[in-house]
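# A look at the structure
The primary structure of each chain is shown beneath.
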Amino acid sequence: MRRLLAVVIVVLALASSAAAFAIDPLPFKDAAQRDRFQNLTRDLRCMVCQDESLLSSNADFAKQLRRQIFDMMQQGKSDRQIKDWLVARYSTFILYDPPLAPSTIVLWFGTPAVLVAGGIVVIVLLRRRTRPADAIAEDAGDDW
Amino acid sequence: MSPELGQVALILALLLSGLQCLLPIIGAWRGSKPLMATASTLAIGQFTFVAMAFGILMWAFATNDFSVAYVAQNSNLSLPLFYKLAAVWGAHEGSLLLWMLILNLWTVALVAFGNRLPEAFFSRVIGVLGFVSFGFLLYMITTSNPFGRMLPAPGNGADLNPVLQDPGLTFHPPTLYMGYVGFSVAFAFAIAALLGGELKSTWVRWARPWTNAAWGFLTLGIVAGSAWAYYELGWGGWWFWDPVENASFMPWLIGAALIHAQAITDKRDGLRAWTLLLSIFGFAFSLLGTFLVRSGLLTSVHAFAFSPARGVFILVYLAVVVGGSLLLYALRAPKVTGGKSFALASRETLMVLGNLMLTVACAMVMLGTLYPLVGEALNIGRISVGPPYFGPLFMLLMTPLVLALPFGPLSRWGKADLTVWKRALARIVAMAVAAGIVGFLFGARGWHQLLGVTAATWVMAGVLFFAIKRWREAPRGKRYPFEMLGMMLAHFGIGVFIAGAILTRSMSVEQDVSMKPGSSVGIGPYAFRFEGVRELPGPNYRAEQGTMVITRDGAPVATLHPQKRTYTGGQVQTEAAIQAGVFRDLYVSLGDPLGDDAWSLRVYDKPFVRWIWGGGVLMMLGGFAVVLDKRFRLKRVEETETIRPHPAPATPRKLAEGEA
């Protein structure tokens, strides 16, 4: 049921999504707090949009959540605490950098694995194909 | 003109593309000259019908023929004519027709400029393009017909999506598709070489200008898309690692790798198999991009499952093209590694390492883009992968490439002169450090900004060092052939891009404010004074237009007019107002009325943001410059027995002119 509800919310949000990005004046204490807020919400997903950050989304969901995050910042909560609270409430789906978990092992280690595999291929290729520099004739011509 | 004629034209084009795939390839296989001779005629015939279909759809838009469902969904009586014509590719069916038209343009360009290729090879290339075309035409006719009728016709259309009512739209998809589809030419060359069992790799030289041109267009398409998102979405960002963006970035990365692999194979006969593989993957990623964007898969895996015909067709097509090509590759790719040998310190080694990093970066982007989709399909939980995943990984992977970049051109083929490396290293380090210090004196703080300045200078200084060395050593008139000029432009563009990307991110100030007429807000040295909002009528919208006066130390800098438009369909669209400059953009976007005459506004100071696109434009110019190189103009005799007969052999045609 919750799943179905989520689907309905997403569909409604998409159907009514105005393309405007959020402009949401919040009374920050100072520039540092504003930067911190922007950096934090830029890396969070707006749960009801197709692919927008919490910072830029104009959906009501995002507006309310931005306000809540803002309030938590005023209460002196750290980014870590805010993220933990969000994850407890909305699951890790809200994070644009998914934490390492059994389901994300391939995501995080896939690239290093490809790099190592490719590196081995390149090393083998270079070992087979390269010769000592003095055994190589100067390239005649323009060198281009 | 009846839209049914467009439908008929598409069906005729489908038939011709089938013949274009079969006859020339059979002709090349059986050595039959009459069959091979059909290649050009069939290609031109197919182009004629596709262009006719395209023209008929455009006519339907121009004349408001709302009995055509596609027109009714994407146009409106009050839509300006310019956007009516651009609306042809404003949605799924029409953009596929544009894809087809562009594929045919590339094919016809090949017929025009490539007709000095050996006849059998040329026939195979045209045949492979015919196959590509056949698949897409079949897809259009069976699942995505743009000429479907809607009866009774509505009195007025639903209007074009307002996000797309912008000059950027007229520009972005066609250039992007020129790039995507352009890789089909490199692909066709590779498949033709495999089919024909080419032992020599002369075909790679023939393919190079085409690959460079396609990559140049793709770069332009990505730049246009990024710039468009920046000013049209009222968002101020320029890249979000969104799946749609990634879809175009993957072929770009493979294309960049392919350009270099082709250079090695052309000059040193070095990476034959790898070049073939990259040619196949470049096109495969173009197809994957089309598939991702067009199947509805990105909106939701479930939406895809509900109306699967379109997605499944492309998926099967993708599987046939990629699987078939890889099978052919496995059977026919050169088993013997050939090529001139080289020392460990050489241009070859550096280019191979660059290829490695570019392809791994592509794999990383693919992993991050597809992972959430696969995860959702397999029910292992919903995952979001976004900028904090892609950004740092991409920077990590590109760091060795950027560090090595100045030394590639400075190394000779075969073996590098180590004293040149040392001299260059000393000067590049000196310039990069000096730039860092200058940046620091000008107020750059934080490792991000200093890193941006030094890394960008590193690359640009490397190019300058190379240019000076070349100026001194090469004889006058032969200093910078176009191929080299292209390299220098593109590499310098990377430096410009790095400066823009890193500095914009670390120096931007972005503020959402609530303002009443007469109040002002300060950002850095600039004061923004809000003068209120008034209503303005537009052709198919009503605009609320704000006025913002920007001053610096009391002296006026600019007066900006951000708009918020409400279109006839009820959609709301912001139009940011931007004071553009070489060193900074000042950006204002209008939000909502907050009551009591107050409005919410977003004001930005974005230093160096233009450098991002400036760098991209330089890379694009680099790709196009290479096309002009004399080396790529086909000589009349390559292999005497297979040369195509030519009626007027006296005047050698210029291969490259007019391609860019």
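What you see is a predicted model; the values in this text were computed from it and never measured.

This part is about the overall build of chain B. Across its full length, chain B carries 20 helices and ten strands. In summary, chain B has a C-alpha radius of gyration of 27 Å against a globular reference of 26 Å for 660 residues, a match within 12%. Overall, the C-alpha framework of chain B stretches about 85 × 75 × 55 Å when taken along its three principal axes. Per-residue burial for chain B yields a buried fraction of 60% across its 660 residues. Contacts spanning at least 24 positions in sequence make up 74% of the contacts within chain B whose residues lie at least 6 apart. Positive and negative side-chain charges of chain B, numbering 51 and 35 respectively, have mean locations separated by a distance of 13 Å.

Each helix and strand counted, chain A has five helices and zero strands in total. Looking at chain A residue by residue over its 144 residues, the buried ones come to 39%. Taking the intrachain contacts of chain A between residues at least 6 apart in sequence as the baseline, contacts between residues at least 24 apart amount to 52%. In the form shown here, chain A has an accessible surface area of approximately 8,000 Å², with 61% of it arising from carbon and sulfur atoms.

Bringing the pattern of salt bridges into the picture now. For the structure on display, the rule yields 24 salt bridges over all chains. Arg 80 of chain A is paired through a salt bridge with Asp 84 of chain A; the nearest N and O atoms lie 3.4 Å apart. With a gap of four residues between them, Arg 80 of chain A and Asp 84 of chain A both fall in helix H4 (residues 79-90), about one helical turn apart. Residue classification places Arg 80 of chain A among the exposed positions, given a relative accessible area of 54%. A salt bridge links Glu 483 of chain B to Arg 208 of chain B, with the nearest nitrogen and oxygen atoms 2.7 Å apart. Of the two residues, Glu 483 of chain B sits in helix H19 (residues 482-507) while Arg 208 of chain B sits in helix H9 (residues 202-232), which places them 275 residues apart along the sequence. Grouping residues by exposure puts Glu 483 of chain B and Arg 208 of chain B together as buried. Residues joined in a network through salt bridges with shared partners are Arg 205, Arg 208, Asp 266, Lys 267, Glu 483 and Arg 631 of chain B.

Inspection of every chain in the model, using the stated rule, returns six cavities of 30 Å³ or more. Among the elements of the structure, helix H2 (31-42) of chain A together with strand E1 (509-515) of chain B are those that each provide at least two residues to the lining of the largest cavity. The element best represented in the lining of the largest cavity is H2 of chain A, accounting for three residues. In the lining of the largest cavity, the residues fall into five nonpolar, one polar and six charged.

Attention shifts here to the sheet that holds E1 of chain B. The pairing of strands in a sheet happens through backbone hydrogen bonds and is either parallel or antiparallel. All names here are of chain B. Across the sheet, which stays open at both edges, the four strands sit in the order E1-E10-E9-E8 with antiparallel pairing between neighbours. With partners counted over all chains shown, the strands left at the sheet margins are E1 and strand E8 (577-579), one partner each. Between one strand axis and the next, the sheet turns through 20° on average, direction left out of account. In this sheet, strand E10 (residues 598-607) lies alongside strand E9 (residues 584-595) in antiparallel orientation, the contact comprising nine bridges. Bridge pairing in E10 places Asp 585 opposite Lys 606. Each of E8, E9 and E10 touches H9; the most contacted strand, E9, lies at about 40° to it. Helix-sheet contacts for H19 involve E1 and E10, and the interaxial angle to E10 is about 140°.

Right, let's talk about the nonpolar core for a bit. Core analysis: the biggest nonpolar cluster contains 196 residues, and Trp 99, Trp 106, Phe 121, Phe 189, Trp 203 and Leu 253 of chain B have the highest contact counts within it. Listed in part, the 22 residues of the second largest apolar core include Met 47, Ala 62, Leu 86 and Leu 95 of chain A.

Here we come to the packing of aromatic side chains. Here a ring pair, both rings aromatic, is described through the centre-centre distance and the interplanar angle of the planes. Throughout the structure, instances matching the rule amount to 40 aromatic pairs over all chains. Geometrically, the ring pair formed by Tyr 139 of chain B and Phe 313 of chain B is tilted, given 5.1 Å between the ring centres and 35° between the ring planes. One end of the pair, Tyr 139 of chain B, is in helix H7 (residues 119-143); the other, Phe 313 of chain B, is in helix H13 (residues 309-332), with 174 residues separating them in the sequence. Following the ring pairs from residue to residue traces out a cluster consisting of Trp 108 of chain A together with Trp 215, Trp 239, Trp 241, Phe 249, Trp 252, Tyr 389, Phe 390 and Phe 394 of chain B. Lying across the ring of Trp 29 of chain B, Arg 30 of chain B places its NZ or CZ 5.2 Å from the centre. Over the face of the ring belonging to Trp 471 of chain B we find Arg 479 of chain B, whose NZ or CZ atom lies 3.8 Å from the ring centre.

With that out of the way, let us pick up the environment of Leu 86 of chain A. Relative to the assigned elements, Leu 86 of chain A resides in helix H4. What Leu 86 of chain A contacts, discounting residues up to four positions off in sequence, is Leu 44, Leu 65, Ile 69, Ser 91 and Ile 94 of chain A.

Here we come to the side chain of Asp 585 of chain B. Residues and elements named next belong to chain B. By the secondary structure assignment, Asp 585 is in strand E9. Here the side chain of Asp 585 touches Gly 581 through a polar contact of 3.2 Å, landing on its backbone nitrogen. Beyond its immediate sequence surroundings of up to four residues, Asp 585 is in contact with Tyr 230, Ile 578, Gln 579, Ala 580, Tyr 604, Asp 605, Lys 606, Val 609 and Arg 610.

This brings us to the environment of Ser 56 of chain A. With respect to the helices and strands, the residue Ser 56 of chain A is situated in the loop between H2 and helix H3 (60-74). C-alpha separation for the pair Ser 56 of chain A and Ala 22 of chain A, spaced 34 residues apart in sequence, amounts to 5.2 Å. Non-local contacts of Ser 56 of chain A, meaning those with residues more than four positions away in its chain, are made with Phe 21 and Ala 22 of chain A together with Trp 235 of chain B.

Attention now moves to the confidence of the model for chain B. Looking at chain B, pLDDT values average 89 and 94% of them are 70 or higher. Overall fold confidence (pTM) sits at 0.91, and the ipTM for the predicted complex is 0.87.

Our focus in this paragraph is the pairing of strand E4 (residues 541-552) of chain B. Residues and elements named next belong to chain B. Most of E4 is tucked away: ten of the twelve residues are buried. Sheet topology places strand E3 (residues 526-537) next to E4; ten bridges connect them, and they run antiparallel. Bridge pairing in E4 links Leu 536 to Ala 543. Hairpin connection of E3 to E4: three residues between the antiparallel strands.

About the cut-offs
Residues numbered from 1 in each chain as written. Chains lettered and ligands numbered in written order. Predicted model: local features only at pLDDT ≥ 70, side-chain atom pairs only at ≥ 80, totals over all residues. Heavy atoms only, no water. Helix = DSSP H or I, 4+ residues; strand = E, 2+ residues; numbered from the N terminus. Rg over C-alpha atoms; globule rule 2.2 N^0.38 Å. Buried < 20%, exposed > 50% of the residue type's maximum accessible area, 1.4 Å probe, protein only. Contact = heavy atoms within 4.5 Å. Lys, Arg positive; Asp, Glu negative; His and termini not counted. Charge placed at Lys NZ, Arg CZ, Asp CG, Glu CD. Areas by Shrake-Rupley, 256 points an atom, 1.4 Å probe, with all protein chains shown as cover. Salt bridge = Lys/Arg side-chain N within 4 Å of Asp/Glu carboxyl O. 1 Å grid on protein atoms, 1.4 Å probe; cavity = no way out; pocket = protein on both sides within 12 Å on 5 of 7 lines; lining within 4 Å. Points joined across faces, edges and corners; volume = space filled by probe spheres on them. Nonpolar A, V, L, I, M, F, W, Y, C, P; charged D, E, K, R; others polar. Pairing = 2+ DSSP bridges. Axes fitted to C-alpha atoms, helices over the stretch in contact; angles between N-to-C directions. Core = buried A, V, L, I, M, F, W, Y, C linked by side-chain atoms within 4.5 Å. Phe/Tyr/Trp six-rings, centres within 6.5 Å; stacked < 30°, edge-to-face > 60°. Lys NZ or Arg CZ within 6 Å of the ring centre and 35° of its normal. Polar contact = N/O pair within 3.5 Å; in protein donor to acceptor, adjacent residues only side chain to side chain. pLDDT = per-residue confidence, 0-100.

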